Amino acid sequence: MTAVTDQGRDHGQGEPEGAKDAPGDDGRRWDDGLIARRAAEAAQENAEAARSPQEDEPGPQVEAYGPPGSPLRPRLDALRELVGLSRARLDGDTLAEAGRVLDEASARQRLSSRHTVVAIAGATGSGKSTLFNALAGVQISDTGLRRPTTSAPIACSWTDGAAGLLDRLAIPGRLRRRPVQGGTATDEALQGLVLVDLPDHDSAATGHREQVDRVLALVDAVIWVVDPEKYADAALHERYLRPLAGHAEISFVVLNQIDRLSGEAADLVLDDLRRLLDEDGMAVGEHGEPGATVMSLSALTGAGVGDLREVLGKFVQDRTAAARRLSADVDAAAARLRPVYVAEGRPGLGERAREQFTDRLAEAVGAAAAGQAAEREWRRNAGRACGTPWLRLWRWYESTRQLGGLDLMAQVLAPPEEELTARQRVEQAVRKLADDAVDGLPAPWAQAVRETAVNGAKGLPEALDELSRNAQAGAGGRGRGGNADTGSARVGPGGRGRGARGSEDEGAPGPDAKGSGGVGTAAGAGRRGSGSPGRTSAPAGGAPGGRGSRPPRPAWWPAAVLAQASMTLLQIFGGLWLLGQIIGVLEPGLLTPALLMLAGVVGGPLVEWSCAAAARGPARRYGQEAERRLREAAAGCGRVRVLDPVAAELARYREVRERYVAVTELSTTGG
């Protein structure tokens with residue numbers, strides 16, 4: 001017998017083979033109904049002209065993806081967003097399968113949803129072509145002992161309008177056939193079925209295997225035909241059934257040639273086949289459970305073929321095969337992407353990691369040392385303002401005598417690799433932060449976070465060096481400022497100068513400064529310091545007032561200065577009185593001038609000691625404030641250069657992880 005091709009119907013070229021008499025073995029003609037339908041169409045041309053062309057070539061039909069409430073479409077959208085967000089972080093090979101699934105889903109959406117494409121695949125000699133002919137009811141695919149018998153895919157469509165689907169499978173018109181339909185209920189249920197007979201998947205011809213792999217990736221369902229001799233073939237299970245275990249709901253595993261076995265032997269082989277499928281991870285649909293359909297039949301004798309036709313009819317009428325296939329493809333793509341999206345635990349930057357990073361930067365920039373220096377400077381200024389003039393002259397003499405030589409020698413002997421901010425400490429802080437951030441992250445995202453931290457830290461040591469230099473320059477300017485009673489601006493609790501000079505030199509954020517403000521001040525300090533040395537803005541490393549300013553003086557300093565001046569005047573007055581008596585200018589009387597002079601001599605150190613004791617608390621608070629401000633400035637630099645970029649990268653990972661959860665409909669953290 002010869003089958004009728006669907007070439008003329010769908011492609012408008014060639015002559016139908018069944019249009020001619022094809023005598024069979026009984027000498028009669030066979031008629032599949034197509035000839036009669038075309039005769040009726042010729043008699044009713046006007047009615048045929050009014051038919052919608054969409055019946056032959058339907059446009060995009062979303063029903064192929066299930067009902068409107070089906071989760072497939074949101075999953076495809078989530079997968080598309082996931083691929084888009086990951087292109088800059090993952091290589092193309094990792095995303096290739098997901099991209100292929102999206103492309104195939106788009107292509108399938110544009111084609112007919114009224115058709116279900118089912119491929120028949122099997123090994124050499126399994127009888128798949130015989131089964132193909134038995135389902136079609138006509139000799140379409142050649143059978144015989146010659147191997148391989150089928151060299152190219154052959155399609156049989158039960159209804160019109162499948163041309164687009166067959167074009168997608170690259171099946172030419174000469175290999176498209178129509179079945180024999182008897183008008184039974186089973187034939188009606190098969191309306192919309194497109195059956196494809198594939199070459200042998202274990203064929204010696206490489207091209208045949210390539211065609212099988214190509215078509216299997218495009219069809220809606222697969223009928224795997226096995227025989228009693230090769231049903232446990234490793235090539236079938238390891239290359240196809242095991243990788244396609246997630247496609248169980250669109251898989252039919254048929255044990256053919258049971259006519260060669262006794263009834264008990266056929267049952268044993270069928271049970272063993274189910275066991276092998278279970279080992280492959282493919283669920284077997286039994287007792288209403290979803291999974292692969294496993295059955296036995298004989299395509300040669302027809303035993304069990306009717307049952308398969310009935311099962312296929314129900315499967316085709318559901319019109320959900322395309323959605324199930326795409327859903328399984330999405331599951332497979334998501335399973336392949338799991339190692340690059342699923343984290344072990346809950347990675348991220350906690351408060352402890354941020355605090356440790358800030359502590360390391362503060363240590364590197366010398367915030368504690370700057371606070372101690374500011375405290376000493378405050379106490380030194382208090383001593384200068386409230387100390388006795390004779391002691392201040394002596395200290396000035398000692399400082400001028402020892403100034404220069406030792407400091408210059410210390411600078412010469414200092415090792416050149418010692419940076420102001422200890423570059424190695426900064427790099428270690430960044431590495432430790434990156435290690436804490438990537439703990440549990442998948443390898444690609446961990447690498448992205450590390451690169452972000454390293455790139456952000458490239459200018460961090462220099463910025464911290466600038467902060468330290470500004471702090472030291474401010475402390476040095478105050479130390480060389482000369483008289484402590486002149487040129488100082490009052491600085492309130494906020495650290496902002498209240499005088500003209502104080503407001504001009506102000507460069508550090510006040511205690512109430514926000515995080516972003518601190519970052520901007522710290523970054524701006526380096527730029528202004530390098531561009532204008534005379535107006536360097538120091539973020540309160542040594543003192544809040546900036547370069548050349550004095551630490552703030554408490555309200556009791558003028559009284560202490562007045563008391564110290566009074567003690568000095570008493571000493572001078574008593575001394576002059578005694579001198580006048582010695583040279584005879586004044587009348588003798590040593591007691592009163594001696595007492596005045598003694599009061600000045602004793603009262604001056606007493607006032608100085610009292611001021612030093614009273615200055616300890618304010619000096620300590622001033623040093624702590626200076627340390628806090630330099631610490632905040634260093635933390636601001638670290639935040640804007642390292643912490644914020646790393647947090648942004650982690651946020652990107654969390655976003656793609658949420659998309660991955662939407663794709664898999666499962667939690668990636670196990671919670």
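This text gives an overview of the structure that appears in the document.

**Overview of a positive patch on the surface**
A contiguous patch of positive charge on the surface is contributed by Arg 379, Arg 616, Arg 620 and Arg 621. Considering each element in turn, the positive patch owes the most residues, 3 residues, to helix α24 (residues 591-664). Relative to the assigned elements, Arg 620 resides in helix α24. Taking the relative accessible area as the measure of exposure, Arg 620 reaches 42% and is therefore partly exposed.

**What about the packing of helix α19 (residues 443-456) against α24?**
Running from amino to carboxyl end, α19 crosses α24 at an angle of 160°, the nearest separation of the two axes being 8 Å. With respect to α24, the axis of α19 lies roughly antiparallel. Note on packing geometry: the crossing formed by α19 with α24 is right-handed. Mapping the contact onto sequence places Trp 445, Ala 448, Val 449, Thr 452, Ala 453 and Gly 456 in α19 and Arg 641, Val 642, Pro 645, Val 646, Glu 649, Leu 650, Arg 652, Tyr 653 and Val 656 in α24. Here the residues of the contact of α19 with α24 are counted per class, giving 10 nonpolar, 2 polar and 3 charged.

**Quick look at the nonpolar core**
If you look at the biggest cluster of nonpolar residues, it comprises 69 residues, and the most contacted ones within it are Leu 131, Leu 169, Val 196, Leu 216 and Ile 223. Ignoring any residue separated from it by four or fewer positions in sequence, one finds Val 196 in contact with Val 117, Val 118, Ala 119, Ile 120, Phe 132, Pro 153, Ile 154, Ala 155, Leu 169, Ile 171 and Val 215. By size, the runner-up hydrophobic cluster in this structure holds 60 residues, among which are Leu 79, Ala 343, Val 449 and Ala 634.

**A few points about a nonpolar patch on the surface**
Nonpolar side chains collect at one region of the surface, where Trp 390, Leu 393, Leu 569, Ile 572, Leu 576, Leu 579, Ile 582, Ile 583, Val 585 and Leu 586 lie side by side and expose about 1100 Å² of accessible area between them. At the level of elements, α16 (389-402) and α23 (557-583) are the ones that each hand at least two residues to the nonpolar patch. No other element matches α23, which puts 6 residues into the nonpolar patch. Inspection of the secondary structure puts Leu 569 in helix α23. Here Leu 569 falls in the exposed class, since its relative accessible area comes to 55%.

**A word on the packing of helix α6 (residues 128-136) against helix α12 (residues 305-318)**
One way to put it is that α6 packs onto α12 with a least axis distance of 10 Å and a crossing angle of 70°. Relative to α12, α6 is oriented roughly perpendicular. At the point where α6 passes α12, the crossing takes the right-handed sense. For the pair formed by α6 and α12, the contact residues are Leu 131, Ala 134, Leu 135 and Ala 136 on the first element and Val 305, Leu 308, Arg 309 and Leu 312 on the second.

**Things to note about the pairing of strand β6 (residues 221-226)**
Across the 6 residues of β6, 6 count as buried, placing the element largely inside the fold. Alternating residues of β6 divide into Ala 221, Ile 223 and Val 225 and Val 222, Trp 224 and Val 226, and every residue in both groups is buried. Taken together, the 5 bridges between strand β2 (residues 116-122) and β6 define a ladder with parallel strand orientation. The residue bridging Ile 120 from the neighbouring strand is Ile 223, located in β6. Here 5 bridges tie β6 to strand β7 (residues 251-255), and the two strands are oriented parallel to one another.

**With respect to the environment of His 237**
Position of His 237 among the secondary structure elements: in helix α10 (residues 234-241). Accessibility expressed as a relative area gives 5% for His 237, which makes it buried. Along the backbone, His 237 and Leu 277 are 40 residues apart, and their C-alpha atoms lie at a distance of 8.1 Å. If sequence neighbours within four positions are ignored, His 237 has contacts with Tyr 231, Ala 232, Arg 242, Pro 243, Leu 276 and Asp 280. Of the polar contacts made by the side chain of His 237, one reaches the side chain of Asp 280; its length is 2.5 Å.

Criteria and cut-off values
Residues numbered from 1 in each chain as written. Predicted model: local features only at pLDDT ≥ 70, side-chain atom pairs only at ≥ 80, totals over all residues. Heavy atoms only, no water. Patch = residues over 30% accessible without salt bridge, like charges linked within 9 Å, V, L, I, M, F, W, Y side chains within 5 Å. Areas by Shrake-Rupley, 256 points an atom, 1.4 Å probe, with all protein chains shown as cover. Salt bridge = Lys/Arg side-chain N within 4 Å of Asp/Glu carboxyl O. Lys, Arg positive; Asp, Glu negative; His and termini not counted. Charge placed at Lys NZ, Arg CZ, Asp CG, Glu CD. Helix = DSSP H or I, 4+ residues; strand = E, 2+ residues; numbered from the N terminus. Buried < 20%, exposed > 50% of the residue type's maximum accessible area, 1.4 Å probe, protein only. Axes fitted to C-alpha atoms, helices over the stretch in contact; angles between N-to-C directions. Parallel < 35°, antiparallel > 145°, perpendicular 65-115°, else oblique. Left-handed = near helix turned anticlockwise from the far one by under 90°. Contact = heavy atoms within 4.5 Å. Nonpolar A, V, L, I, M, F, W, Y, C, P; charged D, E, K, R; others polar. Core = buried A, V, L, I, M, F, W, Y, C linked by side-chain atoms within 4.5 Å. Pairing = 2+ DSSP bridges. Polar contact = N/O pair within 3.5 Å; in protein donor to acceptor, adjacent residues only side chain to side chain.

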